[in-house]
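Structural features, examined
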Amino acid sequence: MTENNPLQELIARRIAAAGGWLPFDEFMRLALYAPGLGYYARGARTFGLGPGDGSDFVTAPELSPLFGRALAAQVGHSDGLGPGGSAAAVMTLTRTSLLAFVREPVAFVMGILYPLAMLVLFHLVFPWRINGGITYGEYMLPVMITMGVLMTCLQILAISVASERETGELKRLAVLPVPPWAHVTAKCLYNTVLALLNVVVLMVVGRFALGIALPGAARSWGLMSLTLVLTIGACTALGLTAGRLCPSSRAASGIMTPLIIVFQFVSGLFLPLAQLPTWMVDIFSVFPVRWSAELMREAFLPASFGATEPTGAWETGKGLAVVTAWLVGGIVAAIILTRRDTVDR
């Protein structure tokens, strides 16, 4: 303090009045909180973002990632998330995502129970055979597998990522001592687990409760596995991309839900492609949903059913090429948007 400082004079008077000394707590109370004079009561700007804004200092650690990184490093070492603990970090994030899925009633119902309910419903309501000599239940089993992957790996993932952006989870994750790819890898594992759970539940119920025959040839199982891998990958990449584009979980739900409903009707899921207008089939054949569903039908249904497809035969190579192209495009888009998204910086 300089001479003739009002605060200094006030403290000097209090010391003189108290007989030559003041308790430390009284001294600090005057120095900091004396009305109109104390450091925090003088009306000048004290707190801020840094010296450049006219303030004296920043006292909140959350205004800078440095404190968070230092704290996270210590916590990470104790929890196996420090250097060398990337695998543990991925498994922790995967487990957290799966628990959040199970605890969210809407996500669990729409991702797991809805495809199963639709399979049972179509099997019971439409017991007769359709073109190709198969029952509607047999037609719907590969279709519901495709729809289950579409809903869990695309719709629910997009809503989840948008929610993580909105609530600041991605920003908090950015200060943890884990590699940037841990979040993406965890989402891939999360989607794979949910997709496989969907497949197992649908096939078990379809086979043992509804009497629907499963594929018998090795080629059919191989085609089903390859289609699952490509579809899960494409939907995951597109889900990550959509989640980064949506400003909130409500926006993601409002965008993705109508899209999924539309694709169910125009891609050969609920209605065979032979029952749809040619122009509609041509337009929506650009997207991977139609081809994933057709590849699944080829794996599950008799070879003769291929005659009911728009071209009169299975288009295995074209279907795999389209889904693969969307997988590659989705990965590129997800990488670009993730790097440009500043919400977790």
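Here we summarise the structure given alongside this text.

Definitions and cut-offs
Residues numbered from 1 in each chain as written. Predicted model: local features only at pLDDT ≥ 70, side-chain atom pairs only at ≥ 80, totals over all residues. Heavy atoms only, no water. Helix = DSSP H or I, 4+ residues; strand = E, 2+ residues; numbered from the N terminus. Buried < 20%, exposed > 50% of the residue type's maximum accessible area, 1.4 Å probe, protein only. Contact = heavy atoms within 4.5 Å. Areas by Shrake-Rupley, 256 points an atom, 1.4 Å probe, with all protein chains shown as cover. Axes fitted to C-alpha atoms, helices over the stretch in contact; angles between N-to-C directions. Parallel < 35°, antiparallel > 145°, perpendicular 65-115°, else oblique. Left-handed = near helix turned anticlockwise from the far one by under 90°. Nonpolar A, V, L, I, M, F, W, Y, C, P; charged D, E, K, R; others polar. Core = buried A, V, L, I, M, F, W, Y, C linked by side-chain atoms within 4.5 Å. Salt bridge = Lys/Arg side-chain N within 4 Å of Asp/Glu carboxyl O. Expected span 1.5 Å × (residues − 1). Arc of directions from axis to C-beta.

**A look at the overall build of the chain**
Along the chain, the regular secondary structure elements total 13 helices and two strands. Expressed as a percentage of its 345 residues, the buried residues of the chain come to 42%. Taking the contacts inside the chain whose residues are at least 6 apart along the sequence as the reference set, 67% of them involve residues at least 24 apart. Per element, the accessible surface of the chain, about 17,700 Å² overall, is 68% carbon and sulfur.

**Concerning the packing of helix H6 (residues 136–167) against helix H8 (residues 181–209)**
It is at 9 Å that the axes of H6 and H8 come closest, and there the two elements cross at 150 degrees. Taken together, the axis directions place H6 and H8 in an arrangement best described as roughly antiparallel. Crossing geometry of H6 relative to H8 is assigned as right-handed. Here H6 contributes Leu141, Met144, Ile145, Gly148, Val149, Thr152, Cys153, Ile156, Leu157, Ser160 and Glu164 to the contact with H8, which in turn contributes His183, Lys187, Tyr190, Asn191, Leu194, Ala195, Asn198, Val199, Leu202 and Met203. The residue makeup of the contact of H6 with H8, split by class, is 13 nonpolar, six polar and two charged.

**Some points on the nonpolar core**
Membership of the largest hydrophobic core comes to 59 residues, with the highest contact counts inside it found for Leu119, Tyr139, Met140, Met144, Ile145 and Phe300. Going through the elements one at a time, helix H5 (105–125), H6, H8, helix H9 (218–245), helix H10 (249–266), helix H11 (278–284), helix H12 (288–300) and helix H13 (316–340) are the ones with two or more residues in this core. Examining the composition of this core, we find that 14 residues originate from one element, H6, more than from any other. Those residues in contact with Ile145, other than ones at most four positions away along the chain, are Val199, Leu202, Met203, Leu228, Met296 and Phe300. One finds Leu157, Val161, Leu194 and Leu240 within the second-largest nonpolar core, a separate group that totals ten residues.

**Let's talk about the pattern of salt bridges**
Overall, the coordinates contain nine salt bridges when judged by the stated rule. Taking the shortest distance from any N to any O, the salt bridge between Lys187 and Glu164 comes out at 2.9 Å. Pair noted here: Lys187 is in helix H8 and Glu164 is in helix H6, with a separation of 23 residues, a long-range link. For Glu298, the salt bridge is made with Arg219, and the minimal N-O distance between the two is 3.1 Å. Of the two residues, Glu298 sits in helix H12 while Arg219 sits in helix H9, which places them 79 residues apart along the sequence. For Glu298, a relative accessible area of 9% puts it in the buried group. Sharing partners across several salt bridges, the network here consists of Arg14, Glu26 and Arg29.

**Observations concerning helix H4 (residues 86–103)**
Compared with an ideal rise of 1.5 Å per residue, which puts 18 residues at 26 Å, H4 spans 26 Å between its outermost C-alpha atoms and is within 8% of the ideal. Three or more residues of H4 are buried, namely Ala89, Val90, Thr94, Ser97 and Phe101. Burial along H4 is one-sided: seen end-on, the buried residues are contained in an arc of 130 degrees. Opposite its buried face, H4 presents the exposed residues Val102 and Arg103, each directed more than 90 degrees away. Elements in contact with the buried residues of H4: H5, H6 and H8.

**Things to note about the packing of H6 against H10**
Contact geometry for H6 and H10: axes closest at 8 Å, N-to-C directions at 165 degrees. In terms of orientation, H6 lies roughly antiparallel with respect to H10. Considering how the two elements wind past one another, H6 and H10 form a crossing that is right-handed. Only Ser249, Ala252, Ser253, Met256, Thr257, Ile260 and Gln264 of H10 make contact with H6, whose side of the interface consists of Met147, Leu150, Met151, Leu154, Gln155, Ala158, Ile159, Ala162, Ser163 and Glu166. Of the residues assigned to the contact of H6 with H10, the class counts are ten nonpolar, six polar and one charged.

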